[in-house]
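Observations on the three-dimensional arrangement
These are the residues of each chain, in order.
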Amino acid sequence: MLKPRILDAINEQINAEIWSAYMYLAMSSYFADEGLNGFAHWMKIQWQEELTHGLKFFDYLLERGEQPILKPIAEVPEKWDSTLHAMEETLKHEEHVTALINNIMDIAIEEKDYATQSELQWFIDEQVEEESSVQEIIDSLKLIGDRGHGIFMLDKELKARTFVDETLED
Ligand code: FEO
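A few points on the structure. Along each chain, the written sequence defines residue order, and numbers are assigned to residues from 1. Since the coordinates come from a predicted model, pLDDT governs what is reported: local features require at least 70, and pairs of side-chain atoms require 80 or more to be given and counted, while whole-chain, interface and lining totals use all residues. Hydrogens are left out, water is left out, and the side-chain values use all remaining heavy atoms of the structure.

Across its full length, the protein holds five helices and zero strands. Numbering of helices and strands starts at the N terminus; helices are DSSP runs of H or I of at least 4 residues and strands are runs of E of at least 2. For the protein, the succession of helices and strands along the chain, N to C, is α-α-α-α-α. Radius of gyration here is computed from C-alpha atoms only, and the compact-globule reference equals 2.2 Å multiplied by the residue count raised to the power 0.38. The C-alpha radius of gyration of the protein comes to 17 Å, within 12% of the 15 Å expected for a compact globule of 170 residues. Projecting the C-alpha coordinates of the protein onto the three principal axes gives extents of approximately 55 × 25 × 25 Å. Only protein chains enter the calculation, and the probe is 1.4 Å; a residue is then buried if its accessible area is under 20% of its type maximum, exposed if over 50%, and partly exposed in between. Each of the 170 residues in the protein was classed as buried or not, and the buried ones make up 44%.

In structure tokens form, the structure reads like this:
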């Protein structure tokens, strides 16, 4: 059994991860509509990753004998001002998710819940990777601008991303 504060925070986090998936799928749709199929592909993989994050928390609650509660998924935007704007919003969102996970860690420390602290460490490490890969794309976009040959090449590069379910790796 988990402490109620931890259980509530993890249930909220399941929703936040699945909302992230939904938002990245909306971004995939936006990029496809803009003719940027590599960006659309990258976002679809992001969508898959977020679903695995939600599922990792879901399975953790089951493992601890709790019932995960699935709350409504809020609406997501459908358009962004530019490619750079969409990627900057992605970074902002990932920073927000990092803050949410850090907050659950704070609660787990206060509650002396060592098992949850151990589970959260995976997410803390994952957030470092997530923020860094988005920052890299933003840096490239700032160098090459939003149009022309550069973005064509970057789009091609992003098309090569493959999905790996990192939650299955130790
Ligand atoms: Fe699951 Fe991108 O944080």
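Expected helix span is computed as 1.5 Å times (number of residues minus one). For helix α2 (residues 37–63), spanning 27 residues, the distance from its first C-alpha to its last is 39 Å, which sits close to the expected 39 Å at 1.5 Å a residue. The first or second residue beyond α2 is G65, which carries a positive phi of 80 degrees.

Let's shift gears to the pattern of salt bridges. A carboxyl oxygen of Asp or Glu within 4 Å of a side-chain nitrogen of Lys or Arg is what we treat as a salt bridge. Counted by the stated rule, this structure contains 10 salt bridges. Between E111 and K3 there is a salt bridge whose closest N-O contact spans 3.7 Å. A residue pair is termed long-range when its members are at least 10 positions apart, and E111 in the loop between α3 (83–110) and α4 (114–144) and K3 in the segment before α1 (4–33) qualify at 108 residues. With its nearest N and O atoms 3.5 Å apart, the salt bridge here joins K79 to D33. With a gap of 46 residues between them, K79 in the loop between α2 and α3 and D33 in helix α1 connect regions that are remote in the sequence. For D33, a relative accessible area of 57% translates into the label exposed. Taken together, the salt bridges that share partners define one network made up of K3, R5, E110 and E111.

Definition of nonpolar core: a set of buried residues of the types Ala, Val, Leu, Ile, Met, Phe, Trp, Tyr and Cys, connected through side-chain atoms within 4.5 Å. One finds M27, F31, F39, M87 and I137 to be the most contacted residues of the largest nonpolar core, which totals 23 residues. Elements that contribute at least two residues to this core include exactly α1, α2, α3, α4 and α5 (149–158). In terms of residue count, the dominant contributor to this core is α1 (six residues). The criterion used for residue contact is that any of the two residues' heavy atoms lie within 4.5 Å. Residue contacts for I137: discarding those within four places in its chain leaves F39, W42, M87, L154 and L158. In this structure, L2, I10, F57 and M105 belong to the second largest nonpolar core, which totals 18 residues.

Moving on to α1. Residues that lie three or four places apart on an α-helix share one face, since the helix turns once every 3.6 residues. End to end, α1 covers 44 Å across 30 residues, agreeing with the expected 44 Å (1.5 Å per residue, within 8%). Just past α1, the residue G35 takes up positive phi, approximately 80 degrees.

Here T98 is to be found in helix α3. Beyond its immediate chain neighbours, meaning those up to four positions away, T98 contacts Q127 and E131.

Looking now at unusual backbone geometry. Within the chain, K112 stands out as a residue other than glycine whose phi angle is a positive 55 degrees. Tracing the backbone through its elements, the reader meets K112 in the loop between α3 and α4.

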